[in-house]
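# Residue-level structural notes
Here is what each chain is made of, one letter per residue.
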Amino acid sequence: MDEVIQVTQWLSSITPRKKAKLFFFTTHADAPSPMVGSNDVDTHEETQLPLATTVALHNFKNIDEFLKKKVNTFSCYNVIENEITKTDYEYLRFYSACKYLDVVPPFLDLEKISAIQNKFEMTDEERDYRLLLDSADLVLEKVCDSLKPAGVSQMWTALRKDRNLIRGVKTIDIIGFFVDPNPTGIKECLFFFIVRFLQKADKINRVNTNRLERLIAQCDESSSCEEGKTIDFIIDSLRFYPTELYPFGFCLIMCVIEGRDGAMQEIEKTMEISRHLGMITHTEKNPTKETIELVKKELMKPKHQFYSSFTCWFMSHGDSNSMVLADGETIEREWFLTSFPDISTFQLKPKVFFMVSCRGANKFSLKGDEFEGQSATCDYYDIGSALIRNRMLDITDSVRDISYVQPMMDTLVAYSTILDHLSGRANTHGSIYVDRACVLMSENISRGRSLTEILEHLSQDLHEILQETMDEDRIVYKQACHYDSFFRKTLKLPYTRHPKEDVHSAPQ
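Below: a short report on this structure. (Residues numbered from 1 in each chain as written. Predicted model: local features only at pLDDT ≥ 70, side-chain atom pairs only at ≥ 80, totals over all residues. Heavy atoms only, no water.)

### Some thoughts on the pattern of salt bridges
When their charged atoms lie close together, side chains carrying opposite charge are able to pair. Under the criterion given, the structure shown has 27 salt bridges. Of the charged contacts, one joins Asp-128 and Arg-130 as a salt bridge, the two residues approaching to 2.7 Å between their closest N and O atoms. Across the salt bridge formed by Asp-397 and Arg-214, the nearest N and O atoms sit 3.0 Å from each other. By relative accessible area, which is 34% here, Arg-214 ends up partly exposed. (Salt bridge = Lys/Arg side-chain N within 4 Å of Asp/Glu carboxyl O. Buried < 20%, exposed > 50% of the residue type's maximum accessible area, 1.4 Å probe, protein only.)

Rendered as C-alpha cells:
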C-alpha cells in the first residue's frame, strides 16, 4: 500500500483528543541539548502555531500536517552509528507517545527504534517505552483531564489579562480572547498551548509550576472541574515531583564490603526495595575513587535524561567528614554530595542520597542494669487565610526567575546517624538503618506516603531500638538519624510497582 495512503488512514483512526495529546508529547519542552542536529532556532512556530490555529479554526489540519511531517522524517531517516542526533531523541519520544496512546503506526520501523536505543546504550530494562515518556508531561495530561472545557477557558481568560506576559505574542492573537473549547479535542489543544507558552516564556518548568497553579486557582470550581475533582486536588497534583510511570527512577548502590559484617545483606535489601519501587538499579561493590569517577561519567550519558529521579545508597565506614573506600582511601562526604547533584541529566529532578556510615565515635549511651543484654545488634535481630496575605510582601513576576538553579536544589540527603556519632550494625544483617528504611518503604508503597514522611517515621523507629557496641565494653546505646532537604516539591512513593515489560529486542 502506498505510504501516503497508510499515513492518511492512520491519522483518520486517531481521535481529536489523542491527536492533541500526541502533538503535546511529541513537542516535549525539555529536549536535551546540546545535541547533534539541534540549534538555537526558536521552535515557537513548530510547537505553538498548530495548537493556536486548531483552537481558532476548530480544525486539526495543521496538527495532522505536523504529524505527517514527523512520520515522513522518520521514514527517510538513516540511523547513524555512534552519533546521537535530535532526530534520534524525537523518534524515541514519538514512538513512546504512540505506544502510550495506543496509536502506533503499523508502518513505523521498529528496527530503527532498536538501532537508536543501541546508540543510547540502553539495557534491556531501559528499552521499556515508559522510560521514554516525560513524567512531567504525563502529570500535565492528568491536570487537563481533570478540567472541563469551561475550566480551561477560564484559565485562558486569566492568562489574557496578564498583558505584560502576552504582549507581542502573535499566537495569542490568533486564538483571540473568547474561545469555544467544547468541540472534541479543542479543550486539550488550548490547555497544551497554555502550558507550552508558559514553558517557552520561562514561567514554568517541571519543578516550578506556581504560575500555572495560579491560573487554575482563578477557575470557578463548580463549572471547571470534572466529576470527583476539585481545584485543590488539581493544584495539589502539581506539587509533587513528577514520577508517573515505570521506572520510578535510577538507583545507584555503592557498598564497601571489606571489613563490614552484613554488607551483602545491605546490598540485597537495597536492591530488593529499589526494584519493588520500580527503579532500574546499578550496584558497585567495593567502590574506589576511580569507580566513583567512572559512575559519574556514566550518569552523564544522554540516556539518563529519560529518568525522572535519582537515588544513591552509599554504605561504608566513615568519620565526621569522610568515608572509607574499599582500598583504604577516603573521600570527603561533602565532595561526594556536591558532585553528583550537579550532573546535568538529573537537573530539575529529585535526587536522594542515603549516606550510611559512622560520622564519629560518640554514642548516646544508656546506663542501668535494665539495659544490659538488650540491643538490636545481636544475631537474633531480623527484618521483622486572604487577610493575612494582604498584609504580606507583594512578590511580583518581575522579580521571579526559574532559569538559574543552585546545583543542590531538588536534592535530599539522608544520614544514618548524626554528626560525630556511630552508625550501628547487626552482626550478620549489616546496617540497622538500611534494614528499617527498606522495611518502612516497602510497607508504605500503596499508602500514598511521601519520602519525607517515611524518613520521619524512620527517625522515630530507629531511635526506639537499643543497640550494643561490638567491643568488650558492650555499651548499650541509641542511634539518631536525620536528613537535609533542598526539595522544592514533594516526592511520593509509587502506589504500585509497575512491572517491567518484556523488551529484549525491538519494542512491540
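### Topic: the packing of helix 5 (residues 86–101) against helix 6 (residues 110–119)
Viewed as axis vectors pointing N to C, helix 5 and helix 6 meet at an angle of 125°, and their least axial separation amounts to 10 Å. Comparing the axis directions of helix 5 and helix 6 gives the class oblique. The way helix 5 lies across helix 6 gives a crossing that is left-handed. Contacts from Asp-88, Tyr-91, Leu-92 and Tyr-95 in helix 5 reach Leu-110, Lys-112, Ile-113, Ile-116, Gln-117 and Lys-119 in helix 6. (Axes fitted to C-alpha atoms, helices over the stretch in contact; angles between N-to-C directions. Helix = DSSP H or I, 4+ residues; strand = E, 2+ residues; numbered from the N terminus. Parallel < 35°, antiparallel > 145°, perpendicular 65-115°, else oblique. Left-handed = near helix turned anticlockwise from the far one by under 90°. Contact = heavy atoms within 4.5 Å.)

### What about the nonpolar core?
In this structure, Trp-10, Phe-191, Phe-336 and Phe-340 are the most contacted members of the largest nonpolar core, which totals 100 residues. If we ignore the near neighbours within four places in the chain, the residues touching Trp-10 are Leu-22, Leu-67, Val-71, Phe-94, Cys-98, Val-103, Val-104, Pro-105, Pro-106 and Phe-107. (Core = buried A, V, L, I, M, F, W, Y, C linked by side-chain atoms within 4.5 Å.)

### Observations concerning the packing of aromatic side chains
On inspection of all chains with the given rule, the structure shows 25 aromatic pairs. Judged by centre distance (6.3 Å) and plane angle (85°), the rings of Phe-336 and Phe-353 are edge-to-face. Here Phe-353 lies in strand 6 (residues 351–356) and Phe-336 lies in helix 18 (residues 333–339), a separation of 17 residues in the sequence. Since its relative accessible area comes to 0%, Phe-353 is described here as buried. Centre to centre, the rings of Phe-340 and Phe-353 are 6.3 Å apart; their planes meet at 65°, and the pair counts as edge-to-face. Of this pair, Phe-340 sits in the loop between helix 18 and strand 6 while Phe-353 sits in strand 6; the two residues are 13 residues apart in sequence, bridging distant segments of the chain. Judged by its relative accessible area of 2%, Phe-340 is buried. Taken together, the aromatic side chains of Phe-250, Tyr-307, Phe-310, Phe-314, Phe-336, Phe-340, Phe-346 and Phe-353 make up a single cluster linked through ring pairs. The cationic tip of Arg-359 hangs over the ring face of Tyr-415; the distance from NZ or CZ to the ring centre is 4.1 Å. (Phe/Tyr/Trp six-rings, centres within 6.5 Å; stacked < 30°, edge-to-face > 60°. Lys NZ or Arg CZ within 6 Å of the ring centre and 35° of its normal.)

### Quick word on the environment of Asn-118
Within the secondary structure, Asn-118 sits in helix 6. Along the backbone, Asn-118 and Asn-82 are 36 residues apart, and their C-alpha atoms lie at a distance of 9.0 Å. A distance of 2.4 Å separates the side chain of Asn-118 from the side chain of Arg-127, its partner in a polar contact. (Polar contact = N/O pair within 3.5 Å; in protein donor to acceptor, adjacent residues only side chain to side chain.)

### Examining the side chain of Thr-411
Relative to the elements of secondary structure, Thr-411 occurs in strand 8 (residues 411–415). A relative accessible area of 0% means that Thr-411 is categorised as buried. Setting aside chain neighbours within four positions, we find Thr-411 in contact with Pro-341, Lys-351, Phe-353, Asp-484, Ser-485, Phe-486 and Phe-487.

### Remarks on empty space enclosed by the protein
In this structure, the largest cavity encloses a volume near 140 Å³. Ala-136, Leu-140, Asn-205, Arg-206 and Thr-209 are the residues nearest the centre of the largest cavity, which is lined by 17 residues in total. Sorting elements by how many residues they give to the lining of the largest cavity places helix 8 (residues 135–146) first, with four residues. Its residues assigned to classes, the lining of the largest cavity shows seven nonpolar, five polar and five charged. Estimated volume of the second largest cavity: approximately 90 Å³. Along the walls of the second largest cavity sit 13 residues, with Leu-277, Met-279, Thr-311, Phe-354 and Met-441 positioned nearest its centre. Elements represented by at least two residues in the lining of the second largest cavity include exactly helix 16 (263–276), strand 3 (310–315) and strand 6. Residues belonging to the lining of the second largest cavity are distributed by class as follows: eleven nonpolar, two polar and no charged. (1 Å grid on protein atoms, 1.4 Å probe; cavity = no way out; pocket = protein on both sides within 12 Å on 5 of 7 lines; lining within 4 Å. Points joined across faces, edges and corners; volume = space filled by probe spheres on them. Nonpolar A, V, L, I, M, F, W, Y, C, P; charged D, E, K, R; others polar.)

### Here we look at the environment of Glu-332
When you line up the elements, Glu-332 lands in strand 5 (residues 330–332). A residue is classified by how much of its surface remains accessible, and Glu-332, at 43% relative accessible area, is partly exposed. Residues Glu-332 and Asp-319 lie 13 residues apart in sequence; the distance between their C-alpha atoms is 9.7 Å. When sequence neighbours within four positions are dropped, the list of residues in contact with Glu-332 reads Asn-321 and Ser-322.

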